[in-house]
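The residues making up each chain are set out below.
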Amino acid sequence: MKKTIKLLLKIFFALLLSILIYFAYLKINSDKLWQTINQQCIPEFKNGSLQSPCIKVDQQHRYVIYKDIKGPLHDLLLPLDKISGIESPILQQKNTENYFMLAWQNRQLFIKSANKPINEQYLSLAINSKYGRSQEQLHIHLACLKAEVYQIIKENEDTITKSWRPLKQRINSHQYIAIKIPAADINKISPFNYLEKYAEEQGDNIAYYGLAMIPSSQKNEFILLASRLKLLDFNLGSAGTIQDYQCKLSNN
């Protein structure tokens, strides 16, 4: 009995040590994207010699399009200004750029880099919660949906309304809430604002949520998906887990 307890304690402390090392590693490398923007993308842009992983620098709207090392079909949009992530109050200000829509407007850069036809219906944008990310600079992931996620959305789209409601089926074993937004509205009001309002109504904090945006099968309409951190479900609010960086859907 004592041997069993000792073994369990050893396993527990080994797991705890691994977790602490992992988070220490994340903390040390949490400014990597921010450093790359300032030390590579911006200088190269100014010199007229922009190279991968920097794809585009837009100084007017203050953002960078960046080819993520996790790929091959995986781009990021990052603000040129220091914004920590989904929880930043800056994202709720009226004069802040609508980063989700800017990312969507750059989808053709992503499709062009794929060297194969990709249906826009397969695309998705995602940002992870404060507790489900590795970087302390806001970055929106542009990639295809996983095939099984695309199928779930397709099967449940008729049940998604213009109010936040739980999705009937779980995605990656996690509960998501969903809402449909007309494109005309989402051009005016950022997806961050829609989620912030929901979180406030729940007496909650947007920092715990991951957020995704995908095109609806109906023209001029988008679907927003959000998932909240829930440790008992091993859910860190990482909305990026719905994405497939190989875009296997385009092979069908």
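Just above, that's the structure.
Predicted model, so just to flag it, every value in this text is computed and none were measured.

Caption draft 1: Region of interest: the overall build of the chain. The number of helices and strands found in the chain is seven helices and ten strands. A burial count over the chain gives 48% of its 252 residues as buried. Intrachain contacts of the chain at a sequence separation of at least 6 include 61% that bridge at least 24 residues. When the accessible area of the chain is evaluated, it comes to approximately 13900 Å², of which 55% is carbon and sulfur surface.

Caption draft 2: Structural view of the packing of aromatic side chains. Following the criterion strictly, the structure yields six aromatic pairs and no others. Seen in terms of ring centroids, tyrosine 122 and tyrosine 150 are 5.2 Å apart; in terms of plane orientation they differ by 90°. Their pairing is edge-to-face. Separated by 28 residues along the polypeptide, tyrosine 122 in the loop between helix H4 (107-114) and strand S4 (123-127) and tyrosine 150 in helix H5 (residues 147-156) bring together distant segments of the chain. Across the pair, tyrosine 150 and tyrosine 122 agree in class, each one buried. Note on tyrosine 131 and tyrosine 208: the rings are 5.4 Å apart at their centroids and 20° apart in plane angle, and the pair reads as stacked. Within this pair, whereas tyrosine 131 is found in the loop between S4 and strand S5 (140-145), its partner tyrosine 208 is found in the loop between helix H7 (191-201) and strand S8 (209-215), the two being separated by 77 residues in sequence.

Caption draft 3: Spatial organisation of the state of the cysteines. By the definition in use, this model includes two disulfides. Here cysteine 41 is linked by a disulfide to cysteine 54, with a sulfur-sulfur distance of 2.0 Å. Since a negative S-S torsion denotes a left-handed disulfide, the cysteine 41-cysteine 54 link at about -80° is left-handed. Within this pair, whereas cysteine 41 is found in helix H2 (residues 32-46), its partner cysteine 54 is found in strand S1 (residues 54-58), the two being separated by 13 residues in sequence. Each member of the pair, cysteine 41 as well as cysteine 54, is classed as buried. Note that cysteine 144 is cross-linked by a disulfide to cysteine 247, the S-S spacing being 2.0 Å. Here the disulfide of cysteine 144 and cysteine 247 is left-handed, its torsion about the S-S bond being about -70°. Highlighted residues: cysteine 144 in strand S5 and cysteine 247 in the segment after strand S10 (243-244), separated in sequence by 103 residues. By the burial criterion, cysteine 144 is buried, and cysteine 247 matches it. In the chain, the cysteines engaged in disulfides, taken in order along the sequence, are linked 1-2, 3-4.

Cut-offs applied
Residues numbered from 1 in each chain as written. Predicted model: local features only at pLDDT ≥ 70, side-chain atom pairs only at ≥ 80, totals over all residues. Heavy atoms only, no water. Helix = DSSP H or I, 4+ residues; strand = E, 2+ residues; numbered from the N terminus. Buried < 20%, exposed > 50% of the residue type's maximum accessible area, 1.4 Å probe, protein only. Contact = heavy atoms within 4.5 Å. Areas by Shrake-Rupley, 256 points an atom, 1.4 Å probe, with all protein chains shown as cover. Phe/Tyr/Trp six-rings, centres within 6.5 Å; stacked < 30°, edge-to-face > 60°. Disulfide = S-S within 2.5 Å.

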